[in-house]
Structure formats: structure tokens, C-alpha cells
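# Per-entry structural report
Here's the letter readout for the chains.
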Amino acid sequence: MIKVSNLTYVYDKSDHKAVDDVSFEVEKGEVFGFLGPSGAGKSTTQGILTGLLPIQGGEGSVAGHDLRKISSEMFNSIGVSFEQSNVYGKLTALENLEFYRKLFDTDTMDPMELLKLVGLDHVSKKRASTFSKGMKHRLTFARSMLNKPEIWFLDEPTTGLDPAIGNQIKDIIKEKNQEGTTIFLTTHNMFIADELCHRVGFIVDGKLRLIDSPKNLKLKYGEKMIDIEYREGDRSIKETLSIIEDNDRHRLRSIIDKGEILTMHTKEATLEEIFIKVTGRGLV
Ligand SMILES: Nc1ncnc2c1ncn2[C@@H]1O[C@H](COP(=O)(O)OP(=O)(O)OP(=O)(O)O)[C@@H](O)[C@H]1O
């Protein structure tokens, strides 16, 4: 669905590559997470893939369309939800969707149905300028689904939303993916990536450092830890021990031998911890 090789991009008057020799493929039906800290090159890559920025170095295709010869047909196949909401303030929520709907020459979704899906049906006749940041974000998100995209580009889809609405958005993403939509998710939120993505790519300073599934990454890089709580006299004590480090393994054995264990849980490394281990960088 997406195939890029040696993608490179330098902004005018910049002395460094915003995207530096990036190659990857995304299969049909996959949720692919593009993860990295601020300034890593995520938005620039997404800009090239969605035709907002011209391809400079390298090759690529999106839904079978060559990025060097972008035609309007490509825009019928993709949906893009930007991190920054860009809705028309003077139009109502419904008018915003009706307006964009006319720009496609492909089958589109019913705007009211979309507003209902993102919980904005009760304000369909209100001007978007009166909306909160979260509501504008949901309207942008709904708009990106209008043309029933084959590939859906989502830039920080849950950032700045309250947790209940964030969960609703995550459910919609999962549902669309189950219906067959391929998803390219750009984020620096590792929890969302872990929950939603089949594979993730770590990008830092314009370079793609690694691609794998969250599960494989945890197996490969995650040092398994155990949270153990036990009783000693009339006190309960908690410890976190590695099951790889020799000293910790001895300690664990001696605690088990003494008995009186209250709780014991294995604890996997988070994707964020693995990102730091692999790239030497945090996600902010
Ligand atoms: N319009 C621009 N002109 C010049 N440099 C830019 C422009 N947009 C981005 N850059 C630079 O390109 C690099 C990659 O930026 P990009 O916005 O792609 O990163 P990002 O990973 O999407 O970051 P964020 O998570 O903050 O959106 C950064 O060094 C940034 O400063």
C-alpha cells in the first residue's frame, strides 16, 4: 500500500536533512506507527506521502500511485487527519463536511453519520468557530474519513483529547482497520502505538532506526522484570527484580524459599523504554 525507498528531504535554506534516506513498506490492512520525538521528521515524511510536499530524493508509491507523478486519483484513495485542526470557522460542522464532500469524485460517507460517529451530531448546525479544540480535532478527524479512504494518515489522532473521547477515537481506528483500511499513524505516544499498531518504525533526526512489531520489540529488547510483594514479620515489602540479572535471580529465589508471597507479576518493558534503549533518545 505504501512503498518508499531512500526518501530524503531538505527544507529550503536548511543545512540538515529533515528526512534522511528513509525506506519502508506498509502492507494492505496494516496499522503502521511512525514514532519519534518532536522534529524527528514524521510530519515531513507524512507530507511527502500525502502529496503536500514534493518528493526530492528517493522513490515512493502510495496506493499504487507514483509519488513523482501524483494525480487527483490518489487523493480519492487517501484520508489525512492533521494534528492541527484546519476547519472553516464560519461554516457549521455539517457544512464543513458537505463542502469537502464535493471535492471528491468518489463515493463518500454521509456527513451526519460521520458526525454521529465522532459525537458531534448534536452540534451539527453550530459554527466550527464556537467549538473547543477537541471538537475541532474530532471534526478534522471525521472529515478525513469522508471519502472512505483505502489509506488513512493520522497525525497524533488522540493528542489533546480527554481520555473518554480519545478512547472513542481509538475504537473508530480499530473498527476501520478491521473493515480493511490501511493506517499510517504518526505519533510520539507509545501507549497508543502499542495498542493500535501491527508494526512500528522508530525515527530520530530524519533517520529510520528500526522497524518491528511491538511484540517482537518487547521480546528482543525488553528485560523481563517481576514485581513481587511478600510478608516479612508483620510488614509487607515490594521489590522489582530482573529475571535476567544473576543477583536479582538469587534474590527472587530466596524470597520464594522463605514463603509468604502476597503478589507476583511479570512486568514487560514499555515501548517507550525500548525506544530510549534503541535510539538513545526520549520521545519529547
Ligand atoms: N517548513 C519548514 N521549514 C524548515 N524546516 C522545517 C520545516 N518543517 C519542519 N522543519 C524541520 O525539519 C525537521 C523535521 O521536522 P518535522 O516537522 O517533520 O518533525 P516531526 O517529527 O513531525 O515533529 P513534531 O512531532 O514536532 O511534529 C525538523 O528539524 C524541523 O525543524
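Residues numbered from 1 in each chain as written. Predicted model: local features only at pLDDT ≥ 70, side-chain atom pairs only at ≥ 80, totals over all residues.

Within an unreviewed UniProt entry, the label attached to the chain reads ATP-binding protein, and the organism entered is Youngiibacter fragilis 232.1.

## Focus: the overall build of the chain
Check the secondary structure of the chain and you find 10 helices and 13 strands. With the principal axes as the frame, the chain shows a C-alpha extent of 75 × 45 × 35 Å. A burial count over the chain gives 37% of its 284 residues as buried. The long-range fraction of contacts in the chain, counting pairs at least 24 apart against all pairs at least 6 apart in sequence, stands at 69%. (Helix = DSSP H or I, 4+ residues; strand = E, 2+ residues; numbered from the N terminus. Buried ≥ 20, exposed ≤ 12 C-beta atoms within 10 Å, placed from the backbone. Contact = placed C-beta atoms within 7 Å.)

## Brief notes about the packing of helix 8 (residues 214–221) against helix 10 (residues 271–279)
With their axes 10 Å apart at the nearest point, helix 8 and helix 10 run at an angle of 60° to one another. By the criterion of interaxial angle, the relationship of helix 8 to helix 10 is oblique. Relative to helix 10, the crossing made by helix 8 is left-handed. Facing helix 8, whose interface residues are Pro 214, Leu 217, Lys 218 and Tyr 221, helix 10 presents Leu 271, Ile 274, Lys 277 and Val 278. (Axes fitted to C-alpha atoms, helices over the stretch in contact; angles between N-to-C directions. Parallel < 35°, antiparallel > 145°, perpendicular 65-115°, else oblique. Left-handed = near helix turned anticlockwise from the far one by under 90°.)

## Let's talk about the domain arrangement of the chain
Domain boundaries assigned for the chain yield domain 1 (2–219) and domain 2 (223–267). The C-alpha-based centres of domain 1 and domain 2 are spaced at 44 Å. (Domains from an automatic or database assignment.)

## Some words on the sheet that holds strand 8 (residues 182–187)
The strands making up a sheet associate through hydrogen bonds between their backbones, and the pairing can be parallel or antiparallel. Strand order in the open sheet made by the six strands is 6-7-8-3-9-10, with mixed pairing throughout. Looking at which strands have only one partner, the edges of the open sheet turn out to be strand 6 (78–81) and strand 10 (207–212). Across this sheet, the average inter-strand angle for adjacent strands is 15°, counted without regard to direction. Judged from the five bridges that link them, strand 3 (residues 31–35) and strand 8 form a sheet pairing that is parallel. Residue pairing in the sheet places Gly 33 in a bridge with Leu 185 of strand 8. (Pairing = 2+ DSSP bridges.)

## Things to note about the pairing of strand 1 (residues 2–9)
Note that strand 1 and strand 2 (residues 19–26) share five bridges and pair antiparallel. Residue pairing across strands places Val 4 opposite Phe 24, the latter belonging to strand 2.

## Looking at the packing of helix 3 (residues 93–101) against helix 5 (residues 133–143)
Across the interface, helix 3 lies against helix 5 with an axial gap of 10 Å and an inter-helix angle of 25°. It follows from the interaxial angle that helix 3 and helix 5 lie roughly parallel. As for how helix 3 packs across helix 5, the hand of that crossing is right-handed. Contacts between helix 3 and helix 5 involve Ala 93, Asn 96, Leu 97 and Tyr 100 from the first element and Leu 139, Ala 142 and Arg 143 from the second.

## Observations concerning the sheet that holds strand 11 (residues 225–232)
Strand order in this open sheet of three strands is 12-11-13, and the pairing throughout is antiparallel. Of all the strands in the sheet, just strand 12 (235–242) and strand 13 (261–267) have a single pairing partner and so form its edges. When strand polarity is set aside, the average angle formed by the axes of neighbouring strands in this sheet is 15°. Pairing geometry for strand 11 and strand 12, over eight bridges, is antiparallel. For Glu 232, the partnering residue across the bridge sits in strand 12 and is Arg 235.

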